[in-house]
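The chain contents come next:
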Amino acid sequence: MPTAGRSLAELLPRYRTDDPAEAADVARVLELLRTVDDPWARSIPLHATASALIVHPGTGRVLLRWHQRQQAWLQVGGHGDPGETDAVGIALREGREETGLTDLAPWPDAAVVHVAVVQVPAKGDEPAHEHADVRFVLATADPDAARPESPDAPLRWLTIPEAYEATTEVNVRETLSRVARLMDLVE
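What you see as residue numbers is a count from 1 along each chain, following the sequence as written. Only residues with pLDDT of at least 70 get local features here, since the model is predicted, and only at 80 or more are side-chain atom pairs given and counted; chain-wide, interface and lining totals rely on the full set of residues. Computation of side-chain values covers all heavy atoms of the structure but excludes hydrogens and water.

Novice: Can you help me understand the packing of aromatic side chains in this one?
Specialist: For any pair of aromatic rings, the description rests on two quantities: the centre-to-centre distance and the angle between the ring planes. Ring pairs are drawn from Phe, Tyr and Trp, using the six-membered ring of Trp, whenever the two centres fall within 6.5 Å, and their geometry is named by plane angle: stacked under 30 degrees, edge-to-face over 60, tilted for the rest. All chains considered together, the criterion is met by 1 aromatic pair. Judged by centre distance (5.5 Å) and plane angle (65 degrees), the rings of Trp66 and Trp73 are edge-to-face. Residue classification places Trp73 among the buried positions, given a relative accessible area of 12%. Only when the NZ atom of a Lys or the CZ atom of an Arg is both within 6 Å of the ring centre and within 35 degrees of the ring normal do we say a charge sits over the ring. Over the face of the ring belonging to Trp73 we find Arg156, whose NZ or CZ atom lies 4.9 Å from the ring centre. Sitting above the plane of the Tyr164 ring, Arg173 keeps its charged end 4.8 Å from the centroid. Buried residues are those whose accessible area, probed at 1.4 Å on protein chains only, stays under 20% of the maximum for their type, while exposed residues exceed 50% and partly exposed ones sit between those limits.

Encoded structure:
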(Lines give C-alpha, C1' and ligand atoms only; values in the text may rest on other atoms or scores of the structure.)
Protein backbone atom coordinates (compact mmCIF):
# COMPACT_ATOMS: atom_id res chain seq x y z
CA MET A 1 0.00 0.00 0.00
CA PRO A 2 1.51 3.37 -0.95
CA THR A 3 2.09 5.64 2.02
CA ALA A 4 3.76 8.75 0.59
CA GLY A 5 2.19 11.91 1.91
CA ARG A 6 0.63 10.16 4.90
CA SER A 7 1.01 11.11 8.55
CA LEU A 8 2.04 8.78 11.34
CA ALA A 9 -1.58 8.68 12.52
CA GLU A 10 -2.49 7.21 9.12
CA LEU A 11 0.52 4.88 8.78
CA LEU A 12 0.89 3.20 12.14
CA PRO A 13 -2.57 1.80 12.92
CA ARG A 14 -2.28 -0.34 9.76
CA TYR A 15 1.36 -1.33 10.29
CA ARG A 16 1.98 -4.99 11.19
CA THR A 17 4.78 -5.48 13.72
CA ASP A 18 7.28 -8.35 13.51
CA ASP A 19 7.75 -9.08 17.21
CA PRO A 20 6.57 -8.17 20.73
CA ALA A 21 9.34 -5.59 21.27
CA GLU A 22 8.35 -3.72 18.12
CA ALA A 23 4.66 -4.00 19.08
CA ALA A 24 5.51 -2.30 22.39
CA ASP A 25 7.38 0.47 20.53
CA VAL A 26 4.47 1.00 18.13
CA ALA A 27 2.09 1.17 21.11
CA ARG A 28 4.26 3.91 22.63
CA VAL A 29 4.25 5.86 19.36
CA LEU A 30 0.47 5.51 19.04
CA GLU A 31 0.10 6.78 22.62
CA LEU A 32 2.36 9.71 21.72
CA LEU A 33 0.10 10.50 18.76
CA ARG A 34 -2.97 10.43 21.02
CA THR A 35 -1.50 12.69 23.70
CA VAL A 36 0.43 15.50 21.96
CA ASP A 37 -0.43 18.02 19.28
CA ASP A 38 2.92 17.74 17.50
CA PRO A 39 4.69 14.36 17.86
CA TRP A 40 7.64 15.75 15.87
CA ALA A 41 8.39 18.50 18.45
CA ARG A 42 11.96 18.09 19.66
CA SER A 43 11.05 19.63 23.02
CA ILE A 44 9.23 16.51 24.26
CA PRO A 45 11.17 13.58 25.78
CA LEU A 46 9.81 11.08 23.24
CA HIS A 47 9.37 12.56 19.77
CA ALA A 48 8.93 11.22 16.27
CA THR A 49 11.73 10.88 13.75
CA ALA A 50 11.77 9.35 10.27
CA SER A 51 14.73 7.52 8.79
CA ALA A 52 15.62 5.22 5.94
CA LEU A 53 18.08 2.64 4.86
CA ILE A 54 19.30 3.62 1.40
CA VAL A 55 19.82 0.76 -1.03
CA HIS A 56 21.32 0.36 -4.47
CA PRO A 57 19.16 -2.45 -5.84
CA GLY A 58 21.58 -3.20 -8.69
CA THR A 59 24.36 -4.26 -6.31
CA GLY A 60 22.39 -5.16 -3.18
CA ARG A 61 24.44 -2.70 -1.16
CA VAL A 62 23.20 -0.35 1.56
CA LEU A 63 24.50 3.06 2.60
CA LEU A 64 25.39 3.73 6.22
CA ARG A 65 26.31 7.10 7.72
CA TRP A 66 28.62 7.62 10.71
CA HIS A 67 26.67 9.31 13.48
CA GLN A 68 29.08 11.15 15.74
CA ARG A 69 26.72 11.53 18.69
CA GLN A 70 25.81 7.84 18.76
CA GLN A 71 29.34 6.77 17.79
CA ALA A 72 27.83 4.26 15.38
CA TRP A 73 27.11 3.53 11.73
CA LEU A 74 23.40 4.21 11.21
CA GLN A 75 20.76 4.77 8.56
CA VAL A 76 20.01 8.30 7.35
CA GLY A 77 17.16 10.40 8.68
CA GLY A 78 16.03 12.46 11.58
CA HIS A 79 13.74 15.21 12.74
CA GLY A 80 10.86 16.81 10.97
CA ASP A 81 11.08 20.53 10.33
CA PRO A 82 8.31 22.71 11.81
CA GLY A 83 5.05 21.95 10.03
CA GLU A 84 6.24 18.71 8.41
CA THR A 85 4.02 15.68 9.03
CA ASP A 86 4.76 13.36 6.07
CA ALA A 87 7.08 10.69 7.47
CA VAL A 88 8.27 9.47 4.06
CA GLY A 89 8.86 13.06 2.97
CA ILE A 90 10.96 13.71 6.08
CA ALA A 91 13.05 10.58 5.45
CA LEU A 92 13.54 11.64 1.81
CA ARG A 93 14.54 15.21 2.73
CA GLU A 94 16.94 14.04 5.42
CA GLY A 95 18.37 11.36 3.13
CA ARG A 96 19.05 13.89 0.37
CA GLU A 97 20.62 16.36 2.82
CA GLU A 98 22.84 13.76 4.47
CA THR A 99 24.01 11.99 1.29
CA GLY A 100 23.71 14.45 -1.60
CA LEU A 101 21.73 11.80 -3.51
CA THR A 102 19.09 13.70 -5.46
CA ASP A 103 17.40 10.68 -7.06
CA LEU A 104 16.23 8.97 -3.85
CA ALA A 105 12.83 7.34 -4.04
CA PRO A 106 10.90 4.95 -1.78
CA TRP A 107 11.75 1.32 -2.59
CA PRO A 108 10.06 -0.89 -3.58
CA ASP A 109 7.25 1.29 -2.26
CA ALA A 110 6.71 3.78 0.57
CA ALA A 111 5.77 1.21 3.21
CA VAL A 112 7.07 1.38 6.79
CA VAL A 113 9.74 -1.29 7.22
CA HIS A 114 10.47 -0.95 10.96
CA VAL A 115 9.50 1.10 14.03
CA ALA A 116 11.94 1.47 16.93
CA VAL A 117 12.05 3.66 20.02
CA VAL A 118 15.72 4.63 20.33
CA GLN A 119 17.55 6.10 23.33
CA VAL A 120 19.56 9.26 22.56
CA PRO A 121 22.24 10.29 25.09
CA ALA A 122 22.46 13.78 26.55
CA LYS A 123 24.77 16.24 24.81
CA GLY A 124 25.59 19.74 26.00
CA ASP A 125 22.38 21.47 27.08
CA GLU A 126 20.19 18.83 25.44
CA PRO A 127 18.97 16.16 27.88
CA ALA A 128 18.80 12.48 27.08
CA HIS A 129 15.61 11.68 25.18
CA GLU A 130 14.02 9.08 22.92
CA HIS A 131 13.29 8.97 19.21
CA ALA A 132 10.15 7.21 18.02
CA ASP A 133 11.81 6.30 14.75
CA VAL A 134 9.69 5.21 11.78
CA ARG A 135 11.86 3.62 9.11
CA PHE A 136 11.58 3.25 5.36
CA VAL A 137 13.73 2.03 2.46
CA LEU A 138 14.93 4.48 -0.18
CA ALA A 139 16.80 3.60 -3.37
CA THR A 140 19.27 5.33 -5.65
CA ALA A 141 20.32 4.45 -9.18
CA ASP A 142 23.56 6.45 -8.78
CA PRO A 143 25.48 5.28 -5.70
CA ASP A 144 28.66 7.04 -6.85
CA ALA A 145 26.92 10.40 -6.41
CA ALA A 146 26.78 9.97 -2.62
CA ARG A 147 28.61 12.74 -0.76
CA PRO A 148 28.72 13.20 3.01
CA GLU A 149 26.95 16.19 4.49
CA SER A 150 30.06 16.97 6.55
CA PRO A 151 33.55 15.53 7.11
CA ASP A 152 32.54 14.05 10.48
CA ALA A 153 29.64 12.11 8.91
CA PRO A 154 31.29 9.80 6.34
CA LEU A 155 29.22 7.43 4.23
CA ARG A 156 29.93 3.78 3.42
CA TRP A 157 28.35 1.48 0.82
CA LEU A 158 28.30 -2.04 2.26
CA THR A 159 26.76 -5.41 1.62
CA ILE A 160 24.07 -6.32 4.15
CA PRO A 161 26.46 -8.67 6.04
CA GLU A 162 29.17 -5.97 6.09
CA ALA A 163 26.66 -3.39 7.34
CA TYR A 164 25.44 -5.80 10.00
CA GLU A 165 29.01 -6.15 11.26
CA ALA A 166 29.76 -2.42 11.00
CA THR A 167 26.92 -1.24 13.21
CA THR A 168 26.76 -1.84 16.94
CA GLU A 169 23.11 -0.84 17.19
CA VAL A 170 20.74 -3.79 17.65
CA ASN A 171 17.80 -1.83 16.25
CA VAL A 172 19.75 -1.02 13.06
CA ARG A 173 20.70 -4.67 12.70
CA GLU A 174 16.99 -5.52 12.87
CA THR A 175 16.27 -2.97 10.13
CA LEU A 176 19.08 -4.48 8.03
CA SER A 177 17.58 -7.96 8.48
CA ARG A 178 14.21 -6.73 7.27
CA VAL A 179 15.74 -4.99 4.27
CA ALA A 180 17.67 -8.18 3.40
CA ARG A 181 14.37 -10.13 3.36
CA LEU A 182 12.77 -7.41 1.26
CA MET A 183 15.65 -7.48 -1.24
CA ASP A 184 15.26 -11.26 -1.55
CA LEU A 185 11.54 -10.85 -2.28
CA VAL A 186 12.02 -8.16 -4.92
CA GLU A 187 14.78 -9.96 -6.88
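Novice: How should helix H5 (residues 170–186) be read in this particular structure?
Specialist: An α-helical turn contains 3.6 residues, so a residue and the one three or four places further along point in the same direction. Here a helix means four or more residues in a row that DSSP labels H or I, a strand means two or more in a row labelled E, and each is numbered from the N terminus. The length a helix should cover is 1.5 Å for every residue beyond the first. With 17 residues, H5 extends 25 Å from end C-alpha to end C-alpha; this agrees with the ideal 24 Å at 1.5 Å per step. Looking only at H5, the buried set comprises Asn171, Val172, Thr175, Leu176, Arg178, Val179 and Met183. Burial along H5 is one-sided: seen end-on, the buried residues are contained in an arc of 165 degrees. Exposed residues lying more than 90 degrees from the buried face of H5 are Val170, Asp184 and Leu185. An arc is given here, and it is the one of the directions from the helix axis to the C-beta atoms.

Novice: Where do I start with the pairing of strand S2 (residues 61–67) in this structure?
Specialist: Two faces, one strand: in a regular strand the side chains alternate between the faces of the sheet. In terms of burial, S2 is largely enclosed, as 5 of its 7 residues are buried. Two strands are said to pair when DSSP picks up at least two bridges between them. Here strand S1 (residues 46–56) runs beside S2; their pairing, made up of 3 bridges, is antiparallel. When the bridges of S2 are listed, His56 appears paired with Arg61. Count of turn residues in the S1/S2 antiparallel hairpin: 4 residues, of which Gly60 carries a positive phi of about 75 degrees. Where S2 and strand S8 (residues 155–158) come together, 4 bridges link them in antiparallel fashion. Across the sheet, residue Arg65 finds its bridge partner in S8, namely Leu155. Sheet topology note: the S2/strand S3 (residues 72–74) ladder contains 3 bridges and is antiparallel. Paired with His67 across the bridge in S3 is Ala72. The turn linking S2 back onto S3 is made up of 4 residues, and Gln71 within it adopts a positive phi angle of 55 degrees.

Novice: I keep staring at the environment of His129 and nothing clicks. Help me out?
Specialist: By the secondary structure assignment, His129 is in strand S7 (residues 129–139). His129 sits in the buried class, given a relative accessible area of 9%. Apart from residues no more than four positions distant in its own chain, His129 is found in contact with Pro45, His47, Arg69, Val118, Gln119 and Val120. Between N or O atoms, a polar contact is any pair within 3.5 Å; within protein, one atom must be a potential hydrogen donor and the other a potential acceptor, and residues adjacent in sequence are included only when both atoms are from side chains. Separated by 3.0 Å, the side chain of His129 and the backbone oxygen of Pro127 make a polar contact. Contact between two residues is taken to exist if any of their heavy atoms lie within 4.5 Å; hydrogens are not considered.

Novice: Before we go on, may I ask you to explain the environment of Leu138 in this structure?
Specialist: Note on placement: Leu138 falls in strand S7. The exposure class assigned to Leu138 is buried, which follows from its relative accessible area of 1%. Taking C-alpha positions, Leu138 is 17 Å from Glu174, a pair spaced 36 residues apart along the chain. Setting aside residues no more than four positions away along its own chain, Leu138 makes contact with Ala52, Leu53, Ile54, Val55, Ala91, Leu92, Leu104, Ala105, Pro106 and Trp107.

Novice: Would you explain the pattern of salt bridges in this entry?
Specialist: Charged atoms that come close allow side chains of opposite charge to pair. Take a side-chain nitrogen of Lys or Arg and a carboxyl oxygen of Asp or Glu: if they are within 4 Å of each other, that pair is a salt bridge. Scanning the model with the defined rule gives 16 salt bridges in all. Here Arg178 ties to Asp18 by a salt bridge, and the two come within 3.5 Å at their closest N and O atoms. With Arg178 in helix H5 and Asp18 in the loop between helix H1 (8–11) and helix H2 (20–35), the pair connects residues that are 160 residues apart, well separated along the chain. Taking relative accessible area as the criterion, Arg178 reaches 5% and is therefore assigned buried. Between Glu149 and Arg65 there is a salt bridge, with its nearest N and O atoms 3.3 Å apart.

Function cannot be inferred from these measures alone, as they are strictly geometric.
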